[in-house]
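Chains, contacts and geometry: an overview
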Amino acid sequence: MKIGILGSGQLGAMLADAAVRLGHQVAFYDSADGAPTKRFQATTVAGFDDETALQKFAQTCDVVTYEFENIPVETVQIIEQYTPVHPAKKALAISQDRLLEKEFLQSIGIGTPRFQCASSLDELQSACQAVGFPCVIKTRRFGYDGKGQARVSEVSEVAKAWHSLQSTGLIVEGYVPFSRELSIIGTRDIHGNVVTYPLIENTHIDGILHRSEIPAPAISRELQSQTQTMIESLLHALDYVGTITMELFDVRGEILANEIAPRVHNSGHATIESLETSQFENHIRAITGMELGTPDPHARAVMYNIIGSIPEMEKLSEYTSIFPHLYDKEPRPGRKLGHITLLNPAESEEQLVKGLCRR
Ligand code: AMP
(Lines give C-alpha, C1' and ligand atoms only; values in the text may rest on other atoms or scores of the structure.)
Protein backbone atom coordinates (compact mmCIF):
# COMPACT_ATOMS: atom_id res chain seq x y z
CA MET A 1 0.00 0.00 0.00
CA LYS A 2 1.03 3.63 -0.35
CA ILE A 3 1.00 5.31 3.04
CA GLY A 4 0.79 9.09 3.30
CA ILE A 5 2.37 10.59 6.43
CA LEU A 6 1.52 14.13 7.56
CA GLY A 7 4.71 15.59 9.00
CA SER A 8 8.35 14.98 8.10
CA GLY A 9 10.16 14.67 11.42
CA GLN A 10 12.01 11.76 13.00
CA LEU A 11 8.81 9.95 14.01
CA GLY A 12 7.73 10.04 10.36
CA ALA A 13 11.10 8.66 9.29
CA MET A 14 10.91 5.80 11.82
CA LEU A 15 7.34 5.01 10.69
CA ALA A 16 8.54 5.00 7.09
CA ASP A 17 11.42 2.64 7.90
CA ALA A 18 8.89 0.21 9.39
CA ALA A 19 6.52 0.64 6.44
CA VAL A 20 9.20 -0.01 3.84
CA ARG A 21 10.36 -3.13 5.72
CA LEU A 22 6.75 -4.41 5.52
CA GLY A 23 6.72 -3.84 1.75
CA HIS A 24 4.74 -0.56 1.66
CA GLN A 25 5.54 2.72 -0.08
CA VAL A 26 5.55 6.07 1.72
CA ALA A 27 4.93 9.73 0.90
CA PHE A 28 5.13 12.72 3.25
CA TYR A 29 3.22 16.00 3.37
CA ASP A 30 4.51 18.93 5.41
CA SER A 31 4.53 22.71 5.38
CA ALA A 32 8.37 22.61 5.32
CA ASP A 33 10.64 19.83 4.09
CA GLY A 34 11.87 18.13 7.29
CA ALA A 35 15.47 16.90 7.34
CA PRO A 36 14.74 13.47 8.93
CA THR A 37 12.65 12.26 5.96
CA LYS A 38 14.76 13.80 3.16
CA ARG A 39 16.36 10.41 2.45
CA PHE A 40 12.98 9.08 1.27
CA GLN A 41 12.74 11.86 -1.38
CA ALA A 42 8.95 11.80 -1.24
CA THR A 43 7.73 14.97 0.44
CA THR A 44 4.98 17.28 -0.80
CA VAL A 45 5.73 20.73 0.64
CA ALA A 46 2.50 22.76 0.91
CA GLY A 47 0.34 24.37 3.57
CA PHE A 48 -1.94 22.30 5.78
CA ASP A 49 -4.76 24.55 4.50
CA ASP A 50 -3.94 24.08 0.79
CA GLU A 51 -7.02 22.15 -0.33
CA THR A 52 -5.75 21.46 -3.85
CA ALA A 53 -2.41 20.08 -2.65
CA LEU A 54 -4.11 18.03 0.09
CA GLN A 55 -6.58 16.53 -2.39
CA LYS A 56 -3.79 15.66 -4.82
CA PHE A 57 -1.74 14.08 -2.01
CA ALA A 58 -4.72 12.13 -0.63
CA GLN A 59 -5.64 10.78 -4.07
CA THR A 60 -2.17 9.26 -4.50
CA CYS A 61 -2.28 7.44 -1.12
CA ASP A 62 -4.20 4.34 0.01
CA VAL A 63 -4.22 5.49 3.64
CA VAL A 64 -3.00 8.60 5.46
CA THR A 65 -1.63 8.93 8.99
CA TYR A 66 0.20 11.61 10.98
CA GLU A 67 3.33 11.84 13.07
CA PHE A 68 2.50 14.91 15.18
CA GLU A 69 -0.68 16.10 16.83
CA ASN A 70 -0.73 19.74 15.87
CA ILE A 71 -2.11 19.00 12.39
CA PRO A 72 -5.29 21.10 11.98
CA VAL A 73 -8.43 18.95 12.29
CA GLU A 74 -9.69 20.68 9.09
CA THR A 75 -6.72 19.18 7.21
CA VAL A 76 -7.85 15.69 8.18
CA GLN A 77 -11.43 16.59 7.20
CA ILE A 78 -10.23 17.47 3.70
CA ILE A 79 -8.07 14.35 3.31
CA GLU A 80 -10.71 11.92 4.56
CA GLN A 81 -13.02 12.93 1.69
CA TYR A 82 -10.59 11.13 -0.63
CA THR A 83 -8.82 8.46 1.42
CA PRO A 84 -9.07 6.89 4.91
CA VAL A 85 -7.17 8.64 7.72
CA HIS A 86 -6.00 6.72 10.81
CA PRO A 87 -6.17 7.59 13.65
CA ALA A 88 -9.47 9.40 13.06
CA LYS A 89 -9.84 13.09 13.92
CA LYS A 90 -11.57 12.60 17.29
CA ALA A 91 -8.27 11.61 18.94
CA LEU A 92 -6.53 14.53 17.24
CA ALA A 93 -9.10 17.09 18.40
CA ILE A 94 -9.03 15.82 22.00
CA SER A 95 -5.27 15.66 22.30
CA GLN A 96 -4.86 19.19 20.89
CA ASP A 97 -6.68 20.75 23.85
CA ARG A 98 -5.52 19.92 27.37
CA LEU A 99 -8.96 20.80 28.76
CA LEU A 100 -10.90 18.50 26.40
CA GLU A 101 -8.25 15.85 26.96
CA LYS A 102 -8.59 15.86 30.76
CA GLU A 103 -12.41 15.99 30.60
CA PHE A 104 -12.41 13.06 28.19
CA LEU A 105 -10.00 10.99 30.29
CA GLN A 106 -12.10 11.55 33.40
CA SER A 107 -15.30 10.68 31.49
CA ILE A 108 -13.87 7.21 30.76
CA GLY A 109 -12.72 6.68 34.33
CA ILE A 110 -9.04 7.64 33.98
CA GLY A 111 -7.76 9.83 36.82
CA THR A 112 -5.91 13.09 36.06
CA PRO A 113 -4.38 15.87 38.18
CA ARG A 114 -6.96 18.38 39.53
CA PHE A 115 -7.58 21.06 36.94
CA GLN A 116 -9.53 24.21 36.11
CA CYS A 117 -9.51 26.37 32.99
CA ALA A 118 -9.01 30.16 32.81
CA SER A 119 -9.27 32.80 30.09
CA SER A 120 -8.43 36.03 31.96
CA LEU A 121 -6.05 37.07 34.74
CA ASP A 122 -8.96 37.21 37.22
CA GLU A 123 -10.08 33.72 36.26
CA LEU A 124 -6.51 32.47 36.45
CA GLN A 125 -6.12 33.79 39.99
CA SER A 126 -9.37 32.11 41.07
CA ALA A 127 -8.44 28.88 39.27
CA CYS A 128 -5.04 28.74 41.01
CA GLN A 129 -6.70 29.34 44.40
CA ALA A 130 -9.29 26.63 43.66
CA VAL A 131 -6.73 24.07 42.50
CA GLY A 132 -4.29 25.02 45.28
CA PHE A 133 -0.58 25.89 45.33
CA PRO A 134 1.82 24.77 44.03
CA CYS A 135 0.22 24.41 40.62
CA VAL A 136 1.20 24.29 36.96
CA ILE A 137 -0.36 26.71 34.47
CA LYS A 138 -0.36 25.45 30.90
CA THR A 139 -1.62 26.76 27.59
CA ARG A 140 -4.53 24.55 26.49
CA ARG A 141 -3.13 24.25 22.98
CA PHE A 142 0.25 23.90 21.24
CA GLY A 143 2.33 23.09 24.31
CA TYR A 144 5.06 20.44 24.01
CA ASP A 145 8.30 19.44 25.73
CA GLY A 146 7.43 21.62 28.73
CA LYS A 147 6.89 24.72 26.53
CA GLY A 148 3.82 26.84 27.24
CA GLN A 149 3.78 26.13 30.95
CA ALA A 150 4.71 27.84 34.20
CA ARG A 151 4.90 26.48 37.75
CA VAL A 152 3.63 28.82 40.44
CA SER A 153 4.07 28.40 44.18
CA GLU A 154 2.02 31.29 45.50
CA VAL A 155 -0.58 33.85 44.48
CA SER A 156 2.02 36.65 43.97
CA GLU A 157 3.54 34.66 41.06
CA VAL A 158 0.32 34.27 39.06
CA ALA A 159 0.38 37.64 37.24
CA LYS A 160 3.96 37.04 36.05
CA ALA A 161 2.96 33.62 34.69
CA TRP A 162 -0.08 35.17 32.95
CA HIS A 163 2.15 37.72 31.18
CA SER A 164 4.79 35.14 30.22
CA LEU A 165 2.29 32.65 28.75
CA GLN A 166 0.42 35.28 26.70
CA SER A 167 -2.64 33.16 26.12
CA THR A 168 -6.31 33.42 26.98
CA GLY A 169 -6.77 29.65 26.76
CA LEU A 170 -5.16 28.28 29.92
CA ILE A 171 -5.55 25.33 32.22
CA VAL A 172 -4.34 25.17 35.81
CA GLU A 173 -3.27 21.76 37.11
CA GLY A 174 -2.39 20.77 40.64
CA TYR A 175 1.34 20.12 40.92
CA VAL A 176 1.70 16.34 41.19
CA PRO A 177 4.43 15.20 43.61
CA PHE A 178 5.06 12.08 41.54
CA SER A 179 7.56 9.41 42.54
CA ARG A 180 8.25 8.71 38.87
CA GLU A 181 6.90 9.27 35.37
CA LEU A 182 5.73 6.36 33.24
CA SER A 183 4.22 5.94 29.81
CA ILE A 184 2.24 3.17 28.21
CA ILE A 185 1.86 2.51 24.51
CA GLY A 186 -0.91 0.52 22.86
CA THR A 187 -1.99 -0.28 19.32
CA ARG A 188 -5.50 -1.08 18.07
CA ASP A 189 -6.23 -2.56 14.66
CA ILE A 190 -9.21 -1.93 12.37
CA HIS A 191 -11.06 -4.92 13.89
CA GLY A 192 -10.69 -3.61 17.47
CA ASN A 193 -7.88 -5.99 18.53
CA VAL A 194 -5.46 -4.34 20.95
CA VAL A 195 -1.86 -4.98 21.96
CA THR A 196 -0.25 -3.11 24.84
CA TYR A 197 3.44 -2.55 25.49
CA PRO A 198 5.27 -2.96 28.79
CA LEU A 199 5.27 0.19 30.96
CA ILE A 200 8.15 2.59 30.30
CA GLU A 201 9.85 4.72 32.98
CA ASN A 202 10.78 8.23 31.83
CA THR A 203 13.05 10.97 33.17
CA HIS A 204 12.71 14.53 31.90
CA ILE A 205 15.16 17.42 32.13
CA ASP A 206 13.67 20.91 31.68
CA GLY A 207 10.42 19.31 30.46
CA ILE A 208 12.20 17.36 27.66
CA LEU A 209 12.50 13.57 27.74
CA HIS A 210 16.05 12.58 28.71
CA ARG A 211 15.96 8.84 29.50
CA SER A 212 13.46 5.99 29.03
CA GLU A 213 13.67 2.44 30.29
CA ILE A 214 11.49 -0.40 28.98
CA PRO A 215 10.26 -2.49 30.67
CA ALA A 216 10.15 0.00 33.56
CA PRO A 217 11.80 -1.44 36.69
CA ALA A 218 9.83 -2.52 39.76
CA ILE A 219 6.42 -2.79 38.12
CA SER A 220 3.98 -5.07 39.90
CA ARG A 221 1.70 -7.28 37.88
CA GLU A 222 -1.23 -5.22 39.25
CA LEU A 223 0.26 -1.94 38.01
CA GLN A 224 0.96 -3.32 34.52
CA SER A 225 -2.55 -4.71 34.34
CA GLN A 226 -4.20 -1.52 35.69
CA THR A 227 -2.43 0.69 33.14
CA GLN A 228 -3.08 -1.86 30.40
CA THR A 229 -6.80 -1.61 31.18
CA MET A 230 -6.54 2.20 31.07
CA ILE A 231 -4.99 2.28 27.60
CA GLU A 232 -7.40 -0.37 26.31
CA SER A 233 -10.36 1.75 27.51
CA LEU A 234 -8.84 4.79 25.83
CA LEU A 235 -8.28 3.00 22.50
CA HIS A 236 -11.83 1.59 22.44
CA ALA A 237 -13.46 4.86 23.58
CA LEU A 238 -11.75 6.70 20.72
CA ASP A 239 -12.51 3.88 18.22
CA TYR A 240 -8.83 4.31 17.52
CA VAL A 241 -6.77 2.68 14.77
CA GLY A 242 -2.99 2.88 15.20
CA THR A 243 -0.52 3.39 18.04
CA ILE A 244 -1.31 5.72 20.95
CA THR A 245 0.67 6.76 24.02
CA MET A 246 -0.46 7.84 27.47
CA GLU A 247 1.96 9.69 29.75
CA LEU A 248 1.42 8.92 33.42
CA PHE A 249 2.42 10.13 36.88
CA ASP A 250 3.06 7.40 39.45
CA VAL A 251 2.24 8.97 42.79
CA ARG A 252 3.46 6.17 45.05
CA GLY A 253 1.19 3.64 43.41
CA GLU A 254 -1.68 5.96 42.43
CA ILE A 255 -1.65 6.46 38.67
CA LEU A 256 -2.76 9.75 37.09
CA ALA A 257 -2.75 10.48 33.37
CA ASN A 258 -0.79 13.57 32.30
CA GLU A 259 -1.51 13.56 28.58
CA ILE A 260 -2.13 11.43 25.53
CA ALA A 261 -0.29 11.49 22.21
CA PRO A 262 -2.30 10.09 19.26
CA ARG A 263 0.84 8.75 17.64
CA VAL A 264 4.05 6.85 18.16
CA HIS A 265 6.11 8.35 20.98
CA ASN A 266 9.67 9.29 21.89
CA SER A 267 9.52 7.11 25.02
CA GLY A 268 8.97 4.06 22.79
CA HIS A 269 12.00 4.42 20.50
CA ALA A 270 13.76 1.49 22.14
CA THR A 271 10.94 -0.80 20.97
CA ILE A 272 12.76 -0.83 17.60
CA GLU A 273 15.57 -2.98 18.99
CA SER A 274 14.21 -4.47 22.20
CA LEU A 275 10.82 -5.93 21.30
CA GLU A 276 9.39 -8.45 18.92
CA THR A 277 7.30 -5.75 17.18
CA SER A 278 8.10 -2.03 17.53
CA GLN A 279 5.52 0.70 18.14
CA PHE A 280 6.25 1.91 14.59
CA GLU A 281 5.70 -1.47 12.95
CA ASN A 282 2.44 -2.03 14.84
CA HIS A 283 1.17 1.42 13.85
CA ILE A 284 1.80 0.59 10.19
CA ARG A 285 0.28 -2.87 10.61
CA ALA A 286 -2.84 -1.34 12.20
CA ILE A 287 -3.47 1.37 9.60
CA THR A 288 -2.89 -0.98 6.65
CA GLY A 289 -5.21 -3.70 7.97
CA MET A 290 -2.41 -6.15 8.77
CA GLU A 291 -2.44 -8.40 11.82
CA LEU A 292 -0.69 -6.82 14.84
CA GLY A 293 2.63 -8.22 16.04
CA THR A 294 3.37 -9.21 19.62
CA PRO A 295 5.05 -6.59 21.80
CA ASP A 296 7.14 -9.09 23.79
CA PRO A 297 10.46 -7.72 25.08
CA HIS A 298 13.61 -9.74 24.44
CA ALA A 299 15.88 -7.36 26.35
CA ARG A 300 15.86 -4.62 28.97
CA ALA A 301 16.40 -1.41 27.05
CA VAL A 302 17.45 2.09 28.02
CA MET A 303 17.24 5.06 25.68
CA TYR A 304 18.89 8.48 25.95
CA ASN A 305 17.88 11.43 23.80
CA ILE A 306 20.57 13.50 22.07
CA ILE A 307 19.49 17.12 22.59
CA GLY A 308 20.98 20.37 21.29
CA SER A 309 24.36 19.15 20.01
CA ILE A 310 25.75 15.90 18.66
CA PRO A 311 28.37 14.21 20.86
CA GLU A 312 31.47 12.32 19.68
CA MET A 313 30.15 8.79 19.21
CA GLU A 314 33.11 6.89 17.67
CA LYS A 315 33.64 4.91 20.88
CA LEU A 316 30.16 3.43 20.62
CA SER A 317 31.06 1.43 17.50
CA GLU A 318 32.93 -1.03 19.78
CA TYR A 319 29.61 -2.07 21.34
CA THR A 320 27.23 -4.43 19.57
CA SER A 321 24.37 -3.71 21.98
CA ILE A 322 24.40 0.11 21.67
CA PHE A 323 22.40 1.62 18.80
CA PRO A 324 22.84 5.32 17.94
CA HIS A 325 20.18 6.98 15.75
CA LEU A 326 20.75 10.44 14.25
CA TYR A 327 17.94 12.41 12.63
CA ASP A 328 20.03 14.60 10.23
CA LYS A 329 18.74 17.77 11.89
CA GLU A 330 20.73 20.99 12.38
CA PRO A 331 21.89 21.34 16.00
CA ARG A 332 19.95 23.92 18.00
CA PRO A 333 19.55 24.30 21.80
CA GLY A 334 16.71 22.12 23.10
CA ARG A 335 16.26 20.31 19.77
CA LYS A 336 15.99 16.50 19.62
CA LEU A 337 18.77 15.46 17.23
CA GLY A 338 18.90 11.73 17.82
CA HIS A 339 18.77 9.00 20.42
CA ILE A 340 20.88 6.11 21.63
CA THR A 341 19.39 2.77 22.67
CA LEU A 342 21.25 0.32 24.88
CA LEU A 343 20.20 -3.32 25.25
CA ASN A 344 20.80 -5.03 28.61
CA PRO A 345 23.41 -2.37 29.42
CA ALA A 346 26.15 -2.89 31.99
CA GLU A 347 26.41 0.05 34.43
CA SER A 348 29.63 1.23 32.71
CA GLU A 349 27.95 1.24 29.28
CA GLU A 350 25.05 3.27 30.57
CA GLN A 351 27.45 5.74 32.24
CA LEU A 352 29.31 6.13 28.94
CA VAL A 353 26.15 6.98 27.00
CA LYS A 354 24.75 9.14 29.79
CA GLY A 355 28.01 11.13 29.74
CA LEU A 356 27.68 11.66 25.98
CA CYS A 357 24.06 12.81 26.28
CA ARG A 358 24.63 15.03 29.33
CA ARG A 359 23.07 18.51 29.07
P1 AMP B 1 3.75 18.10 29.54
O2 AMP B 1 4.11 19.09 28.47
O3 AMP B 1 2.38 18.29 30.11
O4 AMP B 1 4.01 16.68 29.14
O5 AMP B 1 4.78 18.38 30.74
C6 AMP B 1 6.17 18.19 30.60
C7 AMP B 1 6.73 17.70 31.93
O8 AMP B 1 6.46 18.68 32.98
C9 AMP B 1 6.09 16.41 32.44
O10 AMP B 1 6.68 15.28 31.85
C11 AMP B 1 6.38 16.53 33.94
O12 AMP B 1 7.74 16.22 34.21
C13 AMP B 1 6.17 18.02 34.21
N14 AMP B 1 4.74 18.27 34.59
C15 AMP B 1 3.73 18.55 33.75
N16 AMP B 1 2.57 18.70 34.42
C17 AMP B 1 2.85 18.51 35.73
C18 AMP B 1 2.06 18.51 36.91
N19 AMP B 1 0.74 18.78 36.90
N20 AMP B 1 2.69 18.23 38.09
C21 AMP B 1 4.03 17.98 38.12
N22 AMP B 1 4.82 17.98 37.03
C23 AMP B 1 4.25 18.22 35.84
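Structure: above.
Residues numbered from 1 in each chain as written. Predicted model: local features only at pLDDT ≥ 70, side-chain atom pairs only at ≥ 80, totals over all residues. Heavy atoms only, no water.

**A word on the packing of helix H6 (residues 121-131) against helix H7 (residues 158-165)**
At a minimum axis distance of 10 Å, the contact between H6 and H7 shows a crossing angle of 125°. Taken together, the axes of H6 and H7 are oblique relative to one another. Remark: the crossing between H6 and H7 carries right-handed chirality. When H6 is examined against H7, the residues Leu121, Leu124, Gln125 and Cys128 are found in contact with a partner set consisting of Val158, Ala159 and Trp162. Here the residues of the contact of H6 with H7 are counted per class, giving six nonpolar, one polar and no charged. (Axes fitted to C-alpha atoms, helices over the stretch in contact; angles between N-to-C directions. Helix = DSSP H or I, 4+ residues; strand = E, 2+ residues; numbered from the N terminus. Parallel < 35°, antiparallel > 145°, perpendicular 65-115°, else oblique. Left-handed = near helix turned anticlockwise from the far one by under 90°. Contact = heavy atoms within 4.5 Å. Nonpolar A, V, L, I, M, F, W, Y, C, P; charged D, E, K, R; others polar.)

**A look at the environment of Gly308**
Counting through the fold element by element, Gly308 comes out in the loop between strand S15 (301-307) and strand S16 (322-326). Taking relative accessible area as the criterion, Gly308 reaches 17% and is therefore assigned buried. Taking the C-alpha atoms as reference points, Gly308 and Gly338, 30 residues apart in sequence, are found 9.5 Å from one another. Residues contacting Gly308, with those up to four places away along its chain left out, are Pro331, Arg332, Pro333, Gly334, Arg335 and Leu337. (Buried < 20%, exposed > 50% of the residue type's maximum accessible area, 1.4 Å probe, protein only.)

**A look at the pairing of strand S4 (residues 63-66)**
Going residue by residue along S4, you find Val63 and Thr65 tucked away on one face and Val64 and Tyr66 tucked away on the opposite face as well. The sheet contact formed by strand S1 (residues 2-6) and S4 spans four bridges and is parallel. Of the residues in S4, the one forming a bridge with Ile5 is Thr65. (Pairing = 2+ DSSP bridges.)

**Quick look at the nonpolar core**
Ile3, Ile5, Val26, Phe280 and Ile284 are the most contacted members of the largest nonpolar core, which has 33 residues in total. Considering each element in turn, this core owes the most residues, seven residues, to helix H1 (residues 10-21). Every residue in contact with Phe280, bar those within four places of it in the chain, is listed here: Leu11, Met14, Leu15, Ala18, Val264, Gly268, His269 and Ile272. If you look at the next biggest cluster of nonpolar residues, it comprises 22 residues, including Ala91, Leu223, Ile231 and Tyr240. (Core = buried A, V, L, I, M, F, W, Y, C linked by side-chain atoms within 4.5 Å.)

**Quick notes on the site of the ligand**
Around the ligand sit 16 residues, and of these Arg98, Lys138, Val176, Glu181 and Glu259 come closest. Contact distances for the ligand include 3.5 Å between an oxygen atom and a side-chain N or O atom of His204. Here an oxygen atom of the ligand sits 3.5 Å away from a polar atom, N or O, in the side chain of Glu247. The set of elements that each furnish at least two residues to the shell around the ligand consists of strand S6 (135-139), strand S8 (170-174), strand S13 (242-251) and strand S14 (254-261). Taken together, the residues of the shell around the ligand sort by class into five nonpolar, five polar and six charged. (Near = heavy atom within 4 Å. Polar contact = N/O pair within 3.5 Å; in protein donor to acceptor, adjacent residues only side chain to side chain.)

**Points about the sheet that holds strand S7 (residues 149-152)**
Strand order in the open sheet formed by four strands is S5-S8-S6-S7, and the pairing between neighbours is antiparallel. Two strands bound the open sheet, and with one partner strand each, they are strand S5 (115-118) and S7. Sheet twist, expressed as the average angle between the axes of neighbouring strands with direction ignored, equals 20°. Taken together, the four bridges between S6 and S7 define a ladder with antiparallel strand orientation. The residue of S7 that forms the bridge with Val136 is Arg151. Strand contacts of helix H5 (residues 98-107): S5, S6, S7 and S8, with the helix running at about 150° to S5, the strand carrying the most contacts. Sheet contacts for H7: S6, S7 and S8; angle to S7, the most-contacted strand, approximately 175°.

**Details of H1**
For an α-helix, the turn length of 3.6 residues means that residues three or four places apart are oriented alike. Taking 1.5 Å of rise per residue, 12 residues should cover 16 Å, and H1 covers 17 Å from first to last C-alpha, within 8% of that figure. Most of H1 sits out of view: nine of its 12 residues are buried. Taken residue by residue, H1 has Gln10, Leu11, Gly12, Ala13, Met14, Leu15, Ala16, Ala18 and Ala19 as its buried positions. Buried positions along H1 lie against S1, strand S2 (25-30), helix H9 (271-274), helix H10 (279-287) and strand S17 (336-343). One or two positions beyond H1, positive phi appears at Gly23, with a value near 95°. (Expected span 1.5 Å × (residues − 1).)

**Concerning the packing of H1 against H10**
It is the contact of H1 with H10, at a shortest axis distance of 8 Å, that shows an interaxial angle of 70°. Classified by the angle between their axes, H1 and H10 sit roughly perpendicular to one another. Note on packing geometry: the crossing formed by H1 with H10 is right-handed. Only Phe280, Glu281, His283 and Ile284 of H10 make contact with H1, whose side of the interface consists of Leu11, Met14, Leu15, Ala18 and Ala19. Among the residues forming the contact of H1 with H10, the class breakdown is seven nonpolar, one polar and one charged.

**Description of the pattern of salt bridges**
Taken as a whole, this structure holds 14 salt bridges when the rule is applied. The partner of Glu80 in a salt bridge is Lys89, with the nearest N and O atoms 2.5 Å apart. We note a salt bridge from Arg300 to Glu213, for which the minimum N-O separation is 2.7 Å. With a gap of 87 residues between them, Arg300 in the loop between H10 and S15 and Glu213 in strand S12 (residues 208-214) connect regions that are remote in the sequence. By relative accessible area, Arg300 is classed as partly exposed at 30%. Taken together, the shared-partner salt bridges connect Arg211, Glu213, Arg300 and Glu350 into one network. (Salt bridge = Lys/Arg side-chain N within 4 Å of Asp/Glu carboxyl O.)

None of the figures reported here should be taken as evidence of function without further support.
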